[in-house]
Amino acid sequence: MEEIKIGTFVTFEGIEGSGKGTQVHMLYEHLVEEGYNVIATREPGSTAIGDIIRDALLNTKFNEMTPRTELFLFAAARAQHVEEVIKPALSAGKIVLCDRFTDSTLAYQSYGRGIEFQEVLRLADMAASSIVPDLTVLLEISVEIAFNRITHERALDRIELADHGMHNRIAAGYLKLAERYSERFQIVDASKPQLEVHKAITKIVKDLL
Ligand code: Z5A
């Protein structure tokens, strides 16, 4: 029998460098301090199998990877993550903060790489076992500001090395997703200082809880 979802599932989306990792960490610390039962996790990865898939996906040596191969690898990593981490946590009534989920696949593999939207949606839904976030926080920021942040601190991975046209399509794609799924999306201005962004996100999440 299918497990019943009783926790709260919050996902964080945005282009690379938008500050998702930073904000998930800040919110996690805040909620733990307030006594909430919460876990923080991220995609791709967060399981032993997912971490191996993540290495293949981001490795700059695999330039020959086709968009469909990329799509199926993200889906495979998610299927494992959902069964091993997300479903058990939700079934135990926890708040799950997840850095990227299905909307990343729609933004990157459909709007970014150009694979047909309904095809990506079907596969992404299958990989997620039809689990849909209760809330999706979209950290909105320009490609220029976001890439300025990350290029100053580390080498870019295989997906980040794609041309700026693709990153602009992804950023625009996220706004289309926010419109399409307006019942669960909240957009936050991620160009503001970290603490300001944190306060805005905390208010949104507290309202939901
Ligand atoms: N991907 C996909 O294509 N399809 C999918 O289905 C999924 C993912 C699930 C995962 O890489 C890649 O996979 C990603 C999408 C794709 N694309 N790429 N490339 P990842 O997990 O390594 O990367 P990421 O999710 O994009 O994370 P990131 O690059 O680390 O970005 P972030 O988490 O949004 O940002 P951050 O690490 O919190 O902050 C970046 C820097 O900015 C850091 O120095 C911070 O201190 C700084 N920062 C953060 N907030 C601020 C503010 N407010 N002001 C100034 N500076 C700030």
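The rules behind these values
Residues numbered from 1 in each chain as written. Predicted model: local features only at pLDDT ≥ 70, side-chain atom pairs only at ≥ 80, totals over all residues. Heavy atoms only, no water. Salt bridge = Lys/Arg side-chain N within 4 Å of Asp/Glu carboxyl O. Helix = DSSP H or I, 4+ residues; strand = E, 2+ residues; numbered from the N terminus. Buried < 20%, exposed > 50% of the residue type's maximum accessible area, 1.4 Å probe, protein only. Near = heavy atom within 4 Å. Polar contact = N/O pair within 3.5 Å; in protein donor to acceptor, adjacent residues only side chain to side chain. Areas by Shrake-Rupley, 256 points an atom, 1.4 Å probe, with all protein chains shown as cover. Nonpolar A, V, L, I, M, F, W, Y, C, P; charged D, E, K, R; others polar. Pairing = 2+ DSSP bridges. Axes fitted to C-alpha atoms, helices over the stretch in contact; angles between N-to-C directions.

Enquirer: Could you clarify how one ought to interpret the pattern of salt bridges in this entry?
Expert: Proximity of charged atoms lets side chains of opposite charge pair with each other. Enumeration according to the criterion identifies 11 salt bridges in this entry. The residue Asp 99 makes a salt bridge to Lys 20 at a minimum N-O spacing of 3.5 Å. Of the two residues, Asp 99 sits in strand E3 (residues 95-99) while Lys 20 sits in helix H1 (residues 20-33), which places them 79 residues apart along the sequence. The same class applies to Asp 99 and to Lys 20, which are both buried. Note that Asp 207 is salt-bridged to Lys 203, the shortest N-O span being 2.9 Å. Here Asp 207 and its partner Lys 203 are both found in helix H8 (residues 194-208), 4 residues apart, which amounts to about one turn of the helix. Taken individually, Asp 207 and Lys 203 each receive the classification exposed, so the pair is uniform in this respect.

Enquirer: Even after reading the chapter, I still don't get the site of the ligand, so can you show me in this structure?
Expert: Thr 22, Arg 100, Thr 105, Glu 153 and Arg 154 are the nearest of the 29 residues found near the ligand. With respect to the ligand, the side chain of Arg 100 contributes an N or O atom lying 2.8 Å from an oxygen atom. With respect to the ligand, the side chain of Thr 105 contributes an N or O atom lying 2.7 Å from an oxygen atom. For the ligand, whose unbound accessible area comes to 1100 Å², protein coverage reaches 84%. Those elements that provide at least two residues to the shell around the ligand are H1, helix H2 (48-58), helix H3 (67-91) and helix H4 (102-112). Of all the elements, H4 adds the most residues to the shell around the ligand, at 4 residues. Within the shell around the ligand, the residues separate by chemical class into 8 nonpolar, 9 polar and 12 charged.

Enquirer: Help me understand the sheet that holds strand E2 (residues 38-42) in this model?
Expert: Sheet strands line up and pair through hydrogen bonds in the backbone, either parallel or antiparallel. Taken together, the 5 strands give an open sheet; going across it, the order is E2-E3-E1-E4-E5, and neighbouring strands pair in parallel fashion. Both edges of this open sheet fall to E2 and strand E5 (185-189), since each of them pairs with a single strand only. Going from strand to strand, the sheet's axes swing by 20° on average, the running direction of each strand aside. The pairing of strand E1 (residues 8-13) with E3 spans 5 bridges and is classified as parallel. The partner of Phe 9 across the bridge, within E3, is Val 96.

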